[in-house]
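Each chain is listed here by its residues.
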Amino acid sequence: LGQPLCSVSGGPRPGSSSSSSVGPPGRPTEMVLRTAGLVLLFAVVPVAEAEEEISTTPVECSISVMLLGSMGFQMLLFYLVNWPDRDIRKYSWRVISQTISIFCAVLLFQGFNGLVEVYIIEGGSPLWEVGVDMMQLVVWLTALQVVLAVTSGAIQEMIGGGEPDMEKVELRVKSWSVLFAHLAGFSAINAWGSLQQKVFPSSPLVSFAVVPIGFVGLFVMYHGYDNVREHIAHMDDGEKDEFEHLWDEETQEAEEDVAGLSLSFLTVQTVRYHISGHLPNQEGIEEWALSISHSSTQCQELLGCGAIFFACSLIPLLLENALHARIHKMSHAKQEWVKRVVETLNNFFTFANAWCFFYGVKWALSATQFTEENGLLSVVLALLLSAIAFVLIFVLDKIADNQLLGEDSELADTATEKLITALGILIGFSWEQSFDTAVGVVAASMKESCPPPVSKLLMSILLVAIVFPAWRLYILKTEQELSADDCEEKELLKEFAHQHRELFMNGDMEEHHLDLAHLKLKHQRRKAHGHAHPSALVGPSGEPLKHYRVTAHGVEEVIESEPPAPKKKSGGHRKELSVHLLPKEITGRPH
C-alpha cells in the first residue's frame with residue numbers, strides 16, 4: 001500500500017523490472033488492492049472528523065429542536081386531519097384554525113405595537129403611554145367595524161358594485177372577523193394592561209380593579225359602535241337587509257371575543273401576581289430569574305385555577321337555560337344585552353382557563369432549568385402544548401362516545417367547544433412566541449441596514465400575507481364545512497361519490513347495478529343540497545312528474561327508497577360512515 005496505485009505514464013512501478021509496465025487493472029488481486037486503498041484513503045477524513053466534539057451551542061440546539069419538532073408536528077397534523085373518525089377531523093381542523101388565527105393576529109399586532117413603542121411612546125410619561133395604548137385600542141376597534149362593514153356587503157351600495165353572493169360573503173366576513181377580533185383583543189390586553197402596570201400595580205387586589213374598569217369601558221364603546229351601525233343600516237331604506245344583519249351579528253360576536261380575551265388575560269395576571277408575588281409585564285413576561293424560580297406548588301395552584309375557570313365557563317349556560325322563560329319575556333333590546341353578557345362571560349372563563357394552563361405549563365417547564373435560552377424554551381413549550389392538545393382531542397372524543405356528560409347533551413357539546421377554543425389559544429399563542437423570538441433575532445441582526453421595529457413589522461406582514469390567505473381559503477373553509485348542520489349529509493354524499501367511482505372502475509360490475517348505484521347517489525345529492533325530488537315538480541297538466549327508467553324489460557317507473565342511514569358508534573355522536581350504495585350480496589360490503 002506504500003506504493004502508487006498506478007503509474008500515470010503507464011511506466012514501471014518501483015521495485016519492478018523496466019519491462020513490466022502497468023496496464024489496465026485486469027488482474028483480480030491488483031484490482032482488490034487498488035479498491036481497498038481507495039476506500040481507506042477516503043475513510044480517513046470522516047473518521048478523523050467523527051472524533052471531534054460536536055458543537056452544542058444554545059442557538060444550534062434551538063434550531064435542531066425546531067427542525068425536528070416542526071417535522072413531527074406537521075406529520076402528526078396529516079394523521080389527524082385524515083383520521084377515519086369525523087369528530088377527530090372536526091376537532092383537529094378547529095384547533096388548527098384557532099391556532100393560525102391567533103398566530104396571525106398576535107404577530108401582526110406585535111409588529112405594529114413595536115413601531116408605536118419606539119417612535120411614539122418611548123421617552124414619554126406613564127400617562128402618555130396609557131393614553132397612546134388606549135388610542136391604539138380605539139383604532140383597532142374602529143378598523144374592526146369598517147372591515148366587517150365592507151366584507152359583509154352591508155355598505156355595498158355606498159361603495160358601488162352589485163349584490164354579492166351570500167355563501168362567499170359568509171366565509172369572507174368570518175375570516176376577517178376572527179382576525180380583527182384577535183387583533184383588537186390583543187390591543188385591549190395592551191391598553192388595559194398598561195393601565196394595570198402604571199396605575200394599579202401595588203397589590204394583587206388593587207391590580208384586579210382594572211378588570212371591571214375594562215369591562216365598563218369596552219361596553220361603553222360597544223354601545224357607541226352599535227348606534228353607528230344601526231344608523232348606517234337604516235340610512236338607505238329604513239330596514240336591515242340580510243347583509244346588514246350579518247354585519248351586526250359578526251361584529252357583536254367579535255366584540256364579545258375582544259372583551260373575553262382581554263379581561264381574562266388581566267385576571268390571570270392578577271392570579272399570577274397573587275401566587276408568585278410578582279406582577280408580570282403587560283405582555284405576561286417575567287424576568288428570567290423569576291420565571292425559573294417557581295415551585296411545583298405554585299404551578300399546581302395556577303393549573304388548579306385554570307380548572308376552576310373551566311368549571312365556571314359552564315355556569316352562564318346553565319343560568320341561561322334555567323332563566324330562559326324569564327329572559328324570553330324581556331324586550332328585544334334587553335334580550336340582546338343579556339345574550340351579550342352571557343357570551344362575554346363564556347369567553348372570559350374559557351380564555352382564562354387557557355391562560356392559566358399556558359402559564360402553568362410554562363412555569364413547570366422553566367423550573368426544570370434545562371436551558372437558559374428563551375428561544376429554546378419557547379419552541380419546547382410550543383411542541384409540548386401541541387402534543388398535549390392533540391392528546392386531549394382524543395380524550396374529548398372518548399368522553400362524547402361514552403356519553404359521560406349525557407346523551408345528546410347540550411352541556412357536553414358546549415364543554416367540548418370551549419375546550420377546543422382553549423386549545424387553539426394555547427397552541428397559537430405558544431407558536432407565536434417562538435416566531436416572535438425568531439423575528440426579533442433576525443430584525444436585530446439587520447439593524448445596520450434597517451431599524452429593528454421596521455424590519456420586524458415588515459417580516460410580520462410578510463408572514464401573515466403568506467399564512468392568512470391559505471387559512472381563509474382552505475383551513476377555515478374546511479372547519480366551517482365540518483361544523484355545518486348539513487355536514488353529515490354532505491359527508492355521506494362524498495362517501496357515496498367515492499364508492500360510485502369505485503363501482504364504475506370495476507370492470508366486472510353489471511350495468512343494472514351501476515344504474516341502481518347512480519340513482520341512490522342522485523337521491524343522496526338531493527338530500528345534501530336540499531333539492532326537491534322530480535316527483536315534487538308539477539308538469540304542464542298540473543300532475544306531479546314521474547321518474548322512469550328504460551330497461552331490458554321495458555320502461556319502468558323508478559320508486560326510490562331512502563338510502564341507508566350512517567351507523568354511529570354512540571347516540572347522536574357523529575362517526576365514520578359504514579354504509580354502501582349497493583347491498584352486500586353485490587359488493588361484499590355491509591349495506
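Because the structure is a prediction, the values reported are computed rather than measured. (Residues numbered from 1 in each chain as written. Predicted model: local features only at pLDDT ≥ 70, side-chain atom pairs only at ≥ 80, totals over all residues. Heavy atoms only, no water.)

Draft legend 1. Region of the structure containing the nonpolar core. Ranked by size, the top nonpolar core spans 99 residues in total, and within it L141, L183, F186, W192, W355, F390 and F429 carry the most contacts. In terms of residue count, helix α3 (residues 86-121) provides more of this core than any other element does, 14 residues in total. If we skip the residues at most four places from it in the chain, F186 touches I102, V106, F109, L261, W355 and F429. (Core = buried A, V, L, I, M, F, W, Y, C linked by side-chain atoms within 4.5 Å. Buried < 20%, exposed > 50% of the residue type's maximum accessible area, 1.4 Å probe, protein only. Helix = DSSP H or I, 4+ residues; strand = E, 2+ residues; numbered from the N terminus. Contact = heavy atoms within 4.5 Å.)

Draft legend 2. Focus on the packing of aromatic side chains. Enumeration according to the criterion identifies 19 aromatic pairs in this entry. Grouped by ring-pair contacts, the aromatic residues F112, W140, W176, F180, F468 and W471 constitute a single cluster. Here R272 stacks its cationic end above the ring of Y359, 3.8 Å away from the centre of that ring. (Phe/Tyr/Trp six-rings, centres within 6.5 Å; stacked < 30°, edge-to-face > 60°. Lys NZ or Arg CZ within 6 Å of the ring centre and 35° of its normal.)

Draft legend 3. Geometry of a nonpolar patch on the surface. A cluster of nonpolar side chains, contributed by M71, M75, L76, F78, Y79 and W83, occupies part of the molecular surface with about 630 Å² of accessible area. One can find W83 in the loop between α2 (58-81) and α3. (Patch = residues over 30% accessible without salt bridge, like charges linked within 9 Å, V, L, I, M, F, W, Y side chains within 5 Å. Areas by Shrake-Rupley, 256 points an atom, 1.4 Å probe, with all protein chains shown as cover. Salt bridge = Lys/Arg side-chain N within 4 Å of Asp/Glu carboxyl O.)

Draft legend 4. Geometry of the packing of α3 against helix α15 (residues 374-401). Where α3 contacts α15, the two axes come as close as 10 Å, and the packing angle between them is 140°. On the basis of their axis angle, the class for α3 and α15 is oblique. Considering the relative orientation of α3 and α15, their crossing is right-handed. Seen from α3, the contacting residues are D87, I88, Y91, S92 and V95; seen from α15, they are F390, I393, F394 and D397. Of the residues belonging to the contact of α3 with α15, the class tally is six nonpolar, one polar and two charged. (Axes fitted to C-alpha atoms, helices over the stretch in contact; angles between N-to-C directions. Parallel < 35°, antiparallel > 145°, perpendicular 65-115°, else oblique. Left-handed = near helix turned anticlockwise from the far one by under 90°. Nonpolar A, V, L, I, M, F, W, Y, C, P; charged D, E, K, R; others polar.)

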